[in-house]
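Overview (structure and organization)
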Amino acid sequence: GTYIPLSTSGAEGHWLAFSRQLREKSVIVIIPVCSTPELKVSINLPEYFPGTYTNIFTGTKLNPKEINAVLPAELKTFPIAVFLSEDTYSEIVIE
């Protein structure tokens, strides 16, 4: 699949964000790169991220346009976020 680095703002140097895409399936990953990251972070997604995504750790479903509104709360709950596109999430069973 294609690797797409995503830039962050609000807490530069505290977070690493990227996406992987293969056909219509994609994942958005946000991970801290320091031990006490600033939670006021947003990621800059390209326009072409369609559909609904689900955070595999919290179950939160969102539209990519909403990601920055919920990201601080998501990262406060668990400091890593992995959002899978709806097509990808429906194929994976996490126990």
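Going by the structure above, here's the rest.
Bear in mind the structure is a predicted one, so any value in this text is a computation, not a measurement. Residue positions within a chain follow its written sequence, with the count starting from 1. In keeping with the model being predicted, local features are shown solely for residues with a pLDDT of at least 70 and side-chain atom pairs are shown and tallied solely at 80 or more, while totals for entire chains, interfaces and linings include all residues. Only hydrogens and water are removed before side-chain values are computed, so all heavy atoms of the structure are retained for them.

1. Digging into the overall build of the protein
Summing up its helical and strand segments, the protein has two helices and seven strands in all. Only DSSP runs of H or I with at least four residues qualify as helices, and only runs of E with at least two residues qualify as strands; both kinds are numbered from the N terminus onward. Counting from the amino terminus, the protein carries its helices and strands in the arrangement β-β-β-β-β-β-α-β-α. Within these notes, the globule rule equals 2.2 Å times the number of residues to the 0.38 power, and the radius of gyration is based on C-alpha atoms. Taken against the 2.2 N^0.38 rule, which gives 12 Å for 95 residues, the C-alpha radius of gyration of the protein at 13 Å falls within 12% of a compact globule. For the protein, the residues scored as buried account for 35% of the 95 residues in total. When checking whether two residues touch, look at their non-hydrogen atoms; a contact exists if any pair is within 4.5 Å. Counted over contacts in the protein with a minimum sequence separation of 6, partners at least 24 positions apart contribute 53%. Of the accessible surface of the protein, which amounts to about 5700 Å², a share of 55% is contributed by carbon and sulfur atoms. Only protein chains enter the accessibility calculation, which uses a 1.4 Å probe; a residue whose area is less than 20% of its type maximum is buried, one above 50% is exposed, and one in between is partly exposed. Computed by Shrake-Rupley with a 1.4 Å probe, the accessible areas treat only the displayed protein chains as cover when residues are assessed.

2. A look at the environment of Thr 60
Tracing the chain through its elements places Thr 60 in the loop between strand S5 (53-55) and strand S6 (61-62). You can call Thr 60 partly exposed: its relative accessible area is 22%. Residues Thr 60 and Val 70 lie 10 residues apart in sequence; the distance between their C-alpha atoms is 9.1 Å. A polar atom in the side chain of Thr 60 sits 3.1 Å from the side chain of Thr 58. Side-chain atoms alone can form a polar contact between residues adjacent in sequence; in general such a contact is a pair of N or O atoms within 3.5 Å, and within protein one must be able to donate a hydrogen while the other accepts it.

3. Examining the side chain of Asn 55
Assignment of secondary structure puts Asn 55 in strand S5. Not counting chain neighbours up to four residues away, the residues in contact with Asn 55 comprise Thr 60, Glu 74, Ala 81, Val 82 and Phe 83.

4. A closer look at the nonpolar core
Formed by 17 residues in total, the largest nonpolar core has its most connected members in Ile 28, Ile 30, Ile 43, Ile 67, Leu 71, Leu 75 and Phe 83. Of all the elements, helix H1 (residues 67-77) adds the most residues to this core, at three residues. The residues contacting Ile 28, other than those within four sequence positions of it, are Leu 6, Phe 18, Ser 19, Ile 43, Leu 45, Phe 49, Tyr 53, Ile 67, Ala 81, Val 82 and Phe 83. To qualify as a nonpolar core, a set must consist of buried Ala, Val, Leu, Ile, Met, Phe, Trp, Tyr and Cys residues joined through side-chain atoms within 4.5 Å. Among the nonpolar cores identified, the runner-up in size contains five residues, and Val 27, Val 29, Val 82 and Leu 84 belong to it.

5. Structural notes on the pairing of strand S7 (residues 81-85)
One face of the sheet, then the other: side chains in a regular strand alternate in exactly this way. The element S7 is extensively covered by neighbouring structure, given that five of its five residues are classed as buried. Strands are treated as partners if at least two bridges between them are detected by DSSP. One ladder, built from four bridges, connects strand S3 (residues 25-32) with S7; its direction is antiparallel. Bridge pairing in S7 places Val 27 opposite Leu 84.

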